[in-house]
Amino acid sequence: MGTLVTSRDIGQAALGAMRREFSDFANFLPPYRMLSLSGGAGRRTLHPLEPLPGGDAARGAALLAGRFTLGGETLNVPAGESVWALPAPSRAFAARLHSFEWLPDLLAVREGDAQDAALTLIDDWLSWFGRWNSFAWSPAILARRVHVWLQVLPLLDSGEDRRARDTRMKSLVRQTARLRRALQLLPASADRIDAAIALTAAAISMELGQRIRQAGERQLAADLKAQILSDGGHISRAPLTSARILAALVQLDTLANAQGLTLDTEINRAMDRLAGGVRFFRMGPKGLASFHGGGEGSTRLIETAMRGREKVKPFNVAPHSGYHRAEAGGSVVILDAAGPAKGAHGVNAHASALSFEFAPPGGRLIVNCGWSDDQPPGWREAVRATAAHSALTLEETSSARLIRPGWKRNLLGERFETGPDPVRARRNEEDVGVWLESSHDGYRAQFGVGIRRRLFLAVDGGDLRGEDGIYRPVEDGPPDDPEKLLSYAIRFHLHPGVKASLSRDSLSALLVLPNGDGWRFRTDGGPVRLERSVYLASGATPVRSTQLVISGEAESYGGGERPPNRVRWAFQRLGRVGGA
């Protein structure tokens, strides 16, 4: 097990916190704000940023009725009240509210007074927070708001009240000035990429000048080079982050081309890498694999990200991101073969080493519980645990440990303090199918054993076999108590659309996909149980689902090659089931 938090991390986080505190204090003073956020009073030709797909008219109708559901929390705004005057139910809700990420939903309502309501909410925000607020103007929230407002520039510049139009545009310019100064206040993470994209887009959209555009481009190019790995994954190891960044870059590239501008060559190279990564993580025609805080993602987002790059050359190993992919007969398996990301990139990481997702042609079968930012925050820590993944857990503990609540977590965020390091993986491709093997030592320090998983996907895609082993490394010698037994549980979380029923001997189960395709699960590891689970990766409210669980006790001195320290299992296609 490796240490994921170092004294350098603590020092960098403390320095960053001090810089943000000083910046907030300086911006609280009106004279400083007048100097640092000035400029841009004149009218310019506006070039709106192409809106990203994703507006939901049903959510927009709820917003129009005063029902704000953000970050898994709901706030009902009484008629005549301002949402900005009411206390937010949570910090996550407030961040989503001030970022205006909900604005496309409201504007997706094609009837009624949706646009008038949007302008009222924007003008009301300006009256409450347009001058300064340390939370509403914090760099990450500010960047998301600027990015959304750039997509609705015609709306901001509409209405009969010329003074209101000028106020909105002046505020957007002031927010862009703040964003330029605040870039370095963000840690090196996906948030800083988002901020650099927003700054570059603002400079082009509102013709703010070459200096501001080049400042944004330089920062964007540097962060893309540092954070986008050679295989197209983001350093956070979240597949959805790669897709989201690529979609925003496609949007920026379209804007630049329309104005006859050429972006930095590193930006285009990063887009090519990201396209390969997004292709790698796709689970069939819809959605991405759900790992490390990223959900499936919307089909429209993925299509936008891959626009013009649909024919990117596929590959089956992402060595820098730490994943293996096996694809045969329309079936796809993706195995997490690395530990959680380190540093600021790991604040959304999961203890998911050796977990996998499996999608045959009929739809997703085996998943992880997943996550999306639309979920209630109370679920967040639970779904980061190993038990929320299709993996083996030992003694009901996770293979990586979060920083305990206290000053260190307050400073660094909810990162993992320790985790499996290294995670080893290899593959062997044969005429009959693909073999994947991976192991980790996430339980070695506490329990003295390592975990190994082997997977085999047959060439026709209709037979997925696995073997999980618990072994004591030979170099560690005998344990203090060779008779001690270690309890384990191997979980297979089923997609909510899968129906499951156990056999009478509880050694197998019948699984039926929504299209009627049947699969048989078998194991030699003892009784199988059907237990409740939950699926959060679809972006909707938490959905009840089911999990298959194999549990037992392993020897603390075993080699992992025979029972009880070895469990074999298989998913085999049966064809159509019943009258489906």
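Draft legend 1. Molecular detail of the side chain of R145. Positionally, R145 belongs in helix α7 (residues 139-151). No salt bridge forms around the buried R145; measuring N to O, its nearest opposite-charge neighbour E101 is 10 Å away.

Draft legend 2. Structural context of the packing of helix α6 (residues 114-129) against helix α9 (residues 162-182). Relative orientation of the contacting elements α6 and α9 amounts to 60°, with a least axis distance of 11 Å. Judged by the inter-axis angle, α6 sits oblique to α9. Relative to α9, α6 is oriented so that their crossing is left-handed. Mapping the contact onto sequence places L119, I122, D123, W125 and L126 in α6 and A164, T167, R168, S171 and Q175 in α9. Across the contact of α6 with α9, the residue classes tally to five nonpolar, three polar and two charged.

Draft legend 3. Unusual backbone geometry, seen in detail. Residue P422 follows D421 across a cis peptide bond; omega there is 5°. Summarising the element assignment, P422 is placed in the loop between β11 (416-419) and β12 (423-430). Here the residue pair P563 and P564 is connected by a cis peptide bond, since its omega of 5° sits within 30 degrees of zero. If you check the backbone angles, F100 has positive phi at about 65° while not being a glycine.

Draft legend 4. Fine view of the environment of E531. With respect to the secondary-structure elements, E531 resides in strand β20 (residues 528-535). By relative accessible area, E531 is classed as partly exposed at 28%. Through-space distance from the C-alpha of E531 to that of L548 is 6.5 Å; in sequence the pair is 17 residues apart.

Draft legend 5. Here's a closer look at the environment of W569. Examined against the element boundaries, W569 turns out to sit in strand β22 (residues 566-576). According to the relative accessible area criterion, W569 is buried, its value standing at 3%. Along the backbone, W569 and D468 are 101 residues apart, and their C-alpha atoms lie at a distance of 8.5 Å. The contacts of W569, once residues within four sequence positions are left out, are F356, R453, L455, L464, R465, G466, E467, D468, F492, F521, R522 and T523. Within polar-contact distance, the side chain of W569 engages the side chain of D468 at 3.0 Å.

Draft legend 6. Representation of a positive patch on the surface. A cluster of like positive charges, contributed by R180, R181, R211 and R218, occupies part of the molecular surface. Counting only elements with at least two residues in the positive patch, the list comes to α9 and α11 (210-227). With respect to the helices and strands, the residue R181 is situated in helix α9.

Draft legend 7. Spotlight on the nonpolar core. Core analysis: the biggest nonpolar cluster contains 95 residues, and W102 and L103 have the highest contact counts within it. Considering every element that reaches this core, the biggest residue donor is helix α10 (residues 190-205), with 11 residues. Those residues in contact with L103 that sit more than four places away from it in its chain are A118, I122, V148 and V152. Residues L464, I470, I490 and L513 belong to the second largest nonpolar core, which totals 41 residues.

Cut-off values and rules
Residues numbered from 1 in each chain as written. Predicted model: local features only at pLDDT ≥ 70, side-chain atom pairs only at ≥ 80, totals over all residues. Heavy atoms only, no water. Helix = DSSP H or I, 4+ residues; strand = E, 2+ residues; numbered from the N terminus. Buried < 20%, exposed > 50% of the residue type's maximum accessible area, 1.4 Å probe, protein only. Lys, Arg positive; Asp, Glu negative; His and termini not counted. Salt bridge = Lys/Arg side-chain N within 4 Å of Asp/Glu carboxyl O. Axes fitted to C-alpha atoms, helices over the stretch in contact; angles between N-to-C directions. Parallel < 35°, antiparallel > 145°, perpendicular 65-115°, else oblique. Left-handed = near helix turned anticlockwise from the far one by under 90°. Contact = heavy atoms within 4.5 Å. Nonpolar A, V, L, I, M, F, W, Y, C, P; charged D, E, K, R; others polar. Polar contact = N/O pair within 3.5 Å; in protein donor to acceptor, adjacent residues only side chain to side chain. Patch = residues over 30% accessible without salt bridge, like charges linked within 9 Å, V, L, I, M, F, W, Y side chains within 5 Å. Areas by Shrake-Rupley, 256 points an atom, 1.4 Å probe, with all protein chains shown as cover. Charge placed at Lys NZ, Arg CZ, Asp CG, Glu CD. Core = buried A, V, L, I, M, F, W, Y, C linked by side-chain atoms within 4.5 Å.

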